Amino acid sequence: MNARDWALITFTILVQMSVGSIWVLGVAHFLATRKYGAEEADRLSDRALLALVPVIALGFIASLLHLGNPFNAYRAVTNLGSSWLSREIFFGVIFAVLAFVFALLQWRKIGPTILRTVIAWLAALDGLVLVFSMSNVYMLQAQPAWNSWATPVSFFATTFLLGALAMGAAFVANYAYLQRKKADCAEAQCTLMRGTLRWIAVAAVVLVGLELVVLPIYLASVAGGSAAGLASVKLLTGLFGWLLVLRVILAFVGAGVFAIFLYQNAMSAGHEKMLGNLAYAAFVIVLVAEVLGRVLFYAAHVRIGI
Amino acid sequence: MANQKAFYFDASSCIGCKACQNACKDKYDLPLGVRWRRVFEYGGGNWLYIDGVETPNNVFKYFVSTACQHCANPVCRDVCPAAAITKRADGIVLIDPDKCIGCRYCQWACPYGAPQFNEETKVMTKCTFCSDLQDQGLKPACVDACVMRCLDIGDYEDLRNKYGSVVGIEPLPTGNITHPSLVITPHKHAEPSGQGTGSILSLPEEV
């Protein structure tokens, strides 16, 4: 692992997490509005939305660090016709701009609700195109370990898994903040937070299940595909085997075991403190698991040829 | 492409002296680690222990000199986000160092390992087919340096008509990904790409 790989790991993980977060915030806000009205829904999600701004910014700054000549970085969108890397940067910049504008308008309540809703939708939809483009960047014919259906599947799984658990952590932090401020909205917010966390827990269990099912099928298909593919799988199961095992265990613990505890503690009121600790722990554990997964992604690709 | 310049390599007579590699490195004053032309040593086979004597069993090796293949389908050009790689009318593929952002994406895409990062200039570089010499009607430095006369250049179609259509011998990849502008006369022990029983014997630092 060199500095360049870490730049790409940081960029892809943070941007994917942000795309997933926008979707989780959108769904949570939509459901909260239907139940408690726009004001309570804003109270649930506005601070979490604002927290995304530095995350996205950090992701894009990291992406510049893997360039030999960052002063030419503006040129990275000049081959949209055939380069998925150009498309990734193009949709990435659009995502960042839309997300920043939306966060600003929503924070200061500038403009009509419908305008903000449209911008949020555009950011969320562009985010999906962005993650799709990111997957295609790696689906190069000369890279059998990347040129697999598992690349988009695992990128989207990371997107929504990290998005869900990051926002779970943001919601409990938001609730703790509201309680400290002695806001008069405690009961509605408590119910909203618990309801949202239950859905987040369910999503985490489903997504980690998907990841665990995909992994062996992926390894088998890449190993059987080509000599370079087999070399990649040998790296993943041999030299880096301990990392792969650690990554699977952490994902299972964070998004499986902790998510089930999270669900149970969110069933009834009175466990908010426990709920908070569980949400933070689940997020941190799964973040480490996903970073390890991405480390392996960049460490174990073997190119066809010389 | 009607007009496509191509390399010809005669693996049956290459002795692995690396004069081509060094001529290239010298002409372009390439820094440590950057080798636009590389000579691979590929070999295999084993030894049998019979009646207390080690006996060679199908032991073979041969050399493959390789550079940028100036492919008909240059994936490096297609994937470059900065549109820094272009293919000239005569088929030569070139990187514009002023446009390159140094992301090294082409390095991931090219199965010939042709685009290489120059740590001094911080941009990607690769074999230019000595386009400067070719524009004056001269041959590339590697071709002129070859003591065994096993490297040459020519029109791709002419070379194919003359020497056949082999492009995929180990350790090179099959030609399916990029359709290289390359014509090879295989060594008698050459193994087809992807079906090799041997391995690259060169030290990693050499290639």
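Above this text is the structure in question.
All of these numbers come straight from a predicted model, not from anything done at the bench. (Residues numbered from 1 in each chain as written. Chains lettered and ligands numbered in written order. Predicted model: local features only at pLDDT ≥ 70, side-chain atom pairs only at ≥ 80, totals over all residues. Heavy atoms only, no water.)

A. Geometry of the overall build of chain A. Assigned secondary structure in chain A consists of nine helices and zero strands. The order of helices and strands in chain A, counted from the N terminus, is α-α-α-α-α-α-α-α-α. A globule of 306 residues ought to have a C-alpha radius of gyration of about 19 Å, and chain A, at 20 Å, matches this closely. Taken over the C-alpha atoms alone, chain A extends approximately 65 × 40 × 30 Å along its principal axes. Looking at chain A as a whole, 53% of its 306 residues qualify as buried. For chain A, long-range pairs separated by at least 24 residues make up 79% of all intrachain contacts whose partners lie at least 6 apart in sequence. Looking at chain A as shown, the accessible area adds up to about 13,300 Å², and 73% of this sits on carbon and sulfur atoms. (Helix = DSSP H or I, 4+ residues; strand = E, 2+ residues; numbered from the N terminus. Rg over C-alpha atoms; globule rule 2.2 N^0.38 Å. Buried < 20%, exposed > 50% of the residue type's maximum accessible area, 1.4 Å probe, protein only. Contact = heavy atoms within 4.5 Å. Areas by Shrake-Rupley, 256 points an atom, 1.4 Å probe, with all protein chains shown as cover.)

B. Representation of helix α2 (residues 38-64) of chain A within the structure. Compared with the 39 Å implied by 1.5 Å per residue over 27 residues, the 38 Å span of α2(A) between its first and last C-alpha is a close match. The largest bend along α2(A) reaches roughly 35° and is located at A:Ser45. (Expected span 1.5 Å × (residues − 1). Bend = angle between axes of the 7 residues up to and from the residue.)

C. Molecular detail of a nonpolar patch on the surface. All names here are of chain A. A cluster of nonpolar side chains, Trp199, Val202, Val206, Tyr263 and Met267, forms an exposed patch at the surface whose accessible area comes to about 520 Å². Checked against the element boundaries, Met267 lands in the loop between α8 (241-265) and α9 (272-299). Judged by its relative accessible area of 48%, Met267 falls in the partly exposed class. (Patch = residues over 30% accessible without salt bridge, like charges linked within 9 Å, V, L, I, M, F, W, Y side chains within 5 Å. Salt bridge = Lys/Arg side-chain N within 4 Å of Asp/Glu carboxyl O.)

D. Main features of the sheet that holds strand β8 (residues 151-155) of chain B. Residue and element names in this part refer to chain B. Pairing in this open sheet of three strands is mixed, and the strands run β8-β1-β9 from one edge to the other. One side of each edge strand has no neighbouring strand; the edge strands of this open sheet are β8 and β9 (182-185). Between one strand axis and the next, the sheet turns through 25° on average, direction left out of account. Sheet topology note: the strand β1 (residues 5-10)/β8 ladder contains five bridges and is antiparallel. Of the residues in β8, the one forming a bridge with Phe7 is Ile153. (Pairing = 2+ DSSP bridges. Axes fitted to C-alpha atoms, helices over the stretch in contact; angles between N-to-C directions.)

E. Representation of the packing of aromatic side chains within the structure. Residue and element names in this part refer to chain A. By the definition in use, this model includes 23 aromatic pairs over all chains. Aromatic pair Phe90 and Phe91: ring centres 5.2 Å apart, planes at 70°, arrangement edge-to-face. Owing to a relative accessible area of 34%, Phe90 belongs among the partly exposed residues under this scheme. Judged by centre distance (6.2 Å) and plane angle (80°), the ring pair of Trp146 and Tyr298 falls under edge-to-face. One end of the pair, Trp146, is in the loop between α4 (113-138) and α5 (150-180); the other, Tyr298, is in helix α9, and 152 residues separate them in sequence. (Phe/Tyr/Trp six-rings, centres within 6.5 Å; stacked < 30°, edge-to-face > 60°.)

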